[in-house]
Amino acid sequence: MDQKRILLIVGGGIAAYKALELTRLLRKAGVGVRPILTAAGAHFVTPLSLSALAEDKVYSELFSLTDEAEMGHIELSRSADLVVVAPATADLMAKAAHGLANDLSSTTLLATDKPVLMAPAMNVRMWLHAATQRNLAVLRADGVSFVGPDEGAMACGEFGPGRMAEPPVIFEAIMAALGPGGRPLAGRRAIVTAGPTIEAIDPVRMLTNRSSGKQGYAIAGALAALGAEVTLVSGPTALAAPIGVKRVDVESARDMLAACEAALPADVAVCVAAVADWRPAEAGGQKLKKDGGAPAPLALVENPDILAALSKGDRRPKLVVGFAAETNDVEAHAKAKLGKKRCDWIVANDVSVAGTMGGDDNAVALVTTGGIERWDRMAKGAVARKLADRIAQEFQ
Ligand code: C5P
């Protein structure tokens with residue numbers, strides 16, 4: 001990865017502080033970062049912090065004699081493999097959508113012939129405004145990729161979509177866009193399940209769980225980065241599909257199984273979804289009413305096991321990988337699961353560790369019939385890349 005470089009445009013928004021962490025992650029992975037800081041961005045982070053973390057000069061002026069003498073803005077726009085805008089403010093998106101070029105960042109975006117990835121960040125009303133949504137559609141049609149925004153509490157006190165994606169997630173999208181040196185999984189097909197399922201109790205109520213989908217999405221992205229043709233069968237999440245991944249949205253376990261079967265044949269299946277083990281025996285067509293008496297017990301029936309179903313049958317992928325989220329005796333349970341579900345590998349993680357479920361880090365052990373490998377705690381994106389590399393080895 002040492003030779004890969006990105007041009008990072010940091011716009012003016014409170015999320016600009018996350019661009020520092022993103023820069024740190026990229027440098028740690030050996031990616032070169034050349035920063036452009038907009039005038040508005042400089043109100044939120046200092047050129048000194050950005051420059052120190054990027055280990056490069058920060059560019060900010062279009063009409064700077066020194067900057068132009070060192071590297072003209074046209075050359076700057078083409079000096080990297082990928083242009084990343086994080087945070088991509090409403091203003092930067094609008095300028096890029098309309099081809100305005102009145103400062104260094106907008107001129108660079110207009111002059112570049114490299115792929116562009118934007119991580120939008122703005123107030124929820126600004127994001128949902130028809131003008132921003134129009135600009136988003138124009139930029140997408142122009143070939144710009146997006147990561148986020150996430151939904152959540154915002155610095156302005158409001159709640160909704162508009163939060164910039166977290167640095168590890170943007171990092172993952174960048175790594176996927178940059179691609180590896182080679183594409184060892186080119187020509188291979190992969191199915192990844194991710195996120196929670198939801199099982200209807202009646203038209204308004206449901207059974208679900210706290211899975212964020214982050215680990216599964218990262219794995220789908222990492223496999224795509226190695227050249228695999230990936231179908232991501234996803235329960236409801238707040239995440240954007242990784243670059244190059246085909247996403248199929250489902251709700252219930254039965255829909256997830258049907259979507260996986262429709263995606264066969266595949267060379268590899270990785271089941272990361274937190275599938276509900278049970279569903280209500282009968283999902284009422286009408287909202288259940290309380291009638292003053294004792295509540296009726298909720299009868300449950302077992303859901304199909306997608307991992308086990310994919311592991312048997314004549315269309316079994318060559319490699320089937322399951323996950324085991326446990327709170328105790330993690331490795332013993334994982335080993336038992338390997339036998340019971342007849343998959344090839346189990347990635348076991350201890351979800352009793354605070355911050356694992358829904359968080360950005362994971363500590364896992366890879367359990368195969370050959371033994372157990374314990375991996376250090378690392379970002380979910382790093383777990384995904386390591387697992388994708390291991391999968392690629394199986395197909396060499
Ligand atoms: O049995 P348990 O739910 O702990 O197994 C976890 C593994 O099995 C995960 O890989 C999960 O995606 C998969 N699974 C499944 N279908 C189910 C239940 C679990 O694919 N109904």
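Residues numbered from 1 in each chain as written. Predicted model: local features only at pLDDT ≥ 70, side-chain atom pairs only at ≥ 80, totals over all residues. Heavy atoms only, no water.

Time to look at the sheet that holds strand β19 (residues 364-368). Taken in spatial order, the eight strands make up an open sheet running β12-β11-β8-β13-β16-β17-β19-β20, and their pairing is mixed. Across the chains shown, the open sheet's two edge strands, defined by having one partner strand only, are β12 (245-249) and β20 (371-374). Here the strands of the sheet are splayed against their neighbours by 20° on average, with no regard to which way each runs. Pairing of strand β16 (residues 319-326) with strand β17 (residues 345-350), which is carried by six bridges, proceeds in the parallel orientation. Note that in β17 the partner of Glu326 across the bridge is Asp350. Packing of helix α13 (residues 330-341) onto the sheet brings it into contact with β16, β17, β19 and β20, and relative to β17 it is tilted by some 155°. (Pairing = 2+ DSSP bridges. Helix = DSSP H or I, 4+ residues; strand = E, 2+ residues; numbered from the N terminus. Axes fitted to C-alpha atoms, helices over the stretch in contact; angles between N-to-C directions. Contact = heavy atoms within 4.5 Å.)

Here we come to the nonpolar core. With 36 residues, the main nonpolar core has Val192, Ile219, Leu223, Val230, Val270, Leu387 and Ile391 as its most contacted residues. Breaking this core down by element, the ones donating at least two residues are β8 (189-194), α10 (214-225), β11 (229-234), β13 (268-271), β16, β17, β19 and α14 (380-394). Residue contributions to this core peak at seven residues, all from α10. For Val192, the contacting residues outside a window of four places in its chain are Gly216, Ile219, Ala220, Leu223, Val230, Thr231, Leu232, Val233, Val270 and Val272. Of all hydrophobic cores here, the second largest spans 32 residues; its members include Val10, Ala86, Ala165 and Ile170. (Core = buried A, V, L, I, M, F, W, Y, C linked by side-chain atoms within 4.5 Å. Buried < 20%, exposed > 50% of the residue type's maximum accessible area, 1.4 Å probe, protein only.)

Once that is clear, we can look at the domain arrangement of the protein. In terms of domains, the protein is made up of domain 1 (5-178) and domain 2 (189-394). Put simply, the middle of domain 1 and the middle of domain 2, counted by C-alpha atoms, are 32 Å apart. Counting from both sides, the interface comprises 12 residues of domain 1 and, opposite them, 10 residues of domain 2. At the boundary of domain 1 with domain 2, total buried surface from both sides reaches about 860 Å², with 66% on carbon and sulfur atoms. Of all residues in domain 1, Pro168, Glu172 and Ala176 bury the most surface against domain 2, accounting for 43% of the area lost on that side. Taken together, domain 1 and domain 2 are joined by one salt bridge. We note a salt bridge from Arg385 to Glu172, for which the minimum N-O separation is 2.7 Å. On inspection of domain 1 and its partner domain 2, the count reaches one residue pair in polar contact (both at pLDDT 80 or more). By residue number, the principal contributor to the side of domain 1 that touches domain 2 is helix α9 (residues 167-178), which donates seven residues. Here the residues of the side of domain 1 that touches domain 2 sort into seven nonpolar, two polar and three charged. (Domains from an automatic or database assignment. Buried area = accessible area lost by both parts, 1.4 Å probe. Salt bridge = Lys/Arg side-chain N within 4 Å of Asp/Glu carboxyl O. Polar contact = N/O pair within 3.5 Å; in protein donor to acceptor, adjacent residues only side chain to side chain. Nonpolar A, V, L, I, M, F, W, Y, C, P; charged D, E, K, R; others polar.)

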